[in-house]
Amino acid sequence: MHYGWLVVNGYITNPKFLEIYQWIREAGDRQGCQIDKKTNIELMEHFCRSDFLEMRQPDFVIFWDKDVRLALLMEAYGFRLFNSAKSIAMCDDKSLSFIGLKNAGVRMPRTWIAPKTFAADGYDKTAFFIEAAEELGYPLIVKECFGSFGQQVYLVANRSDLLEIVGRLKNRPFLLQEYIEHSRGRDIRIHIVGGQAVACMERHNPNDFRANITNGGSMRAYEPNESQVTMARAACDALGLDFAGVDILFGENGEPVLCEVNSNAHFKNIYDCTGINVADAIISYIKKTI
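Small disclaimer: the values here were computed from a predicted structure and weren't measured. (Residues numbered from 1 in each chain as written. Predicted model: local features only at pLDDT ≥ 70, side-chain atom pairs only at ≥ 80, totals over all residues. Heavy atoms only, no water.)

**Some remarks on the sheet that holds strand β8 (residues 174-178)**
Spatially, the four strands line up as an open sheet ordered β5-β8-β6-β7, and their pairing is antiparallel. In this open sheet, the two edge strands, each paired with only one partner strand, are β5 (111-113) and β7 (153-156). Averaged over all adjacent pairs, the angle separating strand axes in this sheet is 20°, with direction ignored. With three bridges joining them, β5 and β8 adopt antiparallel strand pairing. Residue pairing across strands places Thr111 opposite Gln177, the latter belonging to β8. Sheet strands in contact with helix α6 (residues 127-136) are β5, β6 (140-144) and β8, and its direction is about 170° off that of β5. (Pairing = 2+ DSSP bridges. Helix = DSSP H or I, 4+ residues; strand = E, 2+ residues; numbered from the N terminus. Axes fitted to C-alpha atoms, helices over the stretch in contact; angles between N-to-C directions. Contact = heavy atoms within 4.5 Å.)

This is how it looks when you write it as structure tokens:
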């Protein structure tokens, strides 16, 4: 029997997350893998003390957290993580995702990355953002580099709104993007595991520019076309991902436009929508890989 660790964030108690953890462990049981849940808190203590060798050593580690420092520390000690620390970091920071995909042949919205500033200074010089808006046009999207479930994403209608948001963000990293109007409130999510598209759904929200289910959107099973699957695979390959949820928008003529890539995408909604349990595909892929 294979033995693995599922690394999760010890500070998260939301039932939505706890349910996903349980599904992964149950998928392991079904495929002859014992998976113990370990929090980033307990593992960081063990690795900082260098007494982790006293623990039962795993054959694999499913790193279902964004504690990149712990992931890097574990990799430094030779642990094989699914996904890797670098891949998680690039997905967690939307500006790094954009950079990592820049030469991957993946169409993305035109993007300007906000220059770094500091909390004490903020963005008191606004010429950069005015120029970005002139290039991208209104309305445009302001997207914080760190955020989930469609939060920290803003649809900006004019200059005054843009400068108000920029001033409010202070030193939080963000980017500005072209608004893909033809995909308003609509996108698809493809779950890729080991280079294969294992499940897909379309999300639609007629009352919001974001399609996320948590913002009131609805969902239906969706059969992605070849160009959409090709884009999702290319994005995962470029970011070095073992598995991911890839969100794709619809361009003016229906062509795919990449929205974002999620290294540890929740899969409860897509199970409710399609009946496909992505956790089973993840465990099967890990078994083949190790």
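**Observations concerning the packing of aromatic side chains**
Counting across every chain of the model gives 17 aromatic pairs. Both rings, one in Phe47 and one in Phe79, keep their centres 5.5 Å apart while their planes meet at 70°; by these two values the pair is edge-to-face. Of the two residues, Phe47 is situated in helix α2 (residues 40-49) and Phe79 in the loop between α3 (68-76) and β4 (81-82); the sequence distance between them amounts to 32 residues. Across the pair, Phe79 and Phe47 agree in class, each one buried. Both rings, one in Phe82 and one in Tyr285, keep their centres 6.2 Å apart while their planes meet at 90°; by these two values the pair is edge-to-face. With Phe82 in strand β4 and Tyr285 in helix α10 (residues 278-289), this pair connects stretches of sequence that are 203 residues apart. (Phe/Tyr/Trp six-rings, centres within 6.5 Å; stacked < 30°, edge-to-face > 60°. Buried < 20%, exposed > 50% of the residue type's maximum accessible area, 1.4 Å probe, protein only.)

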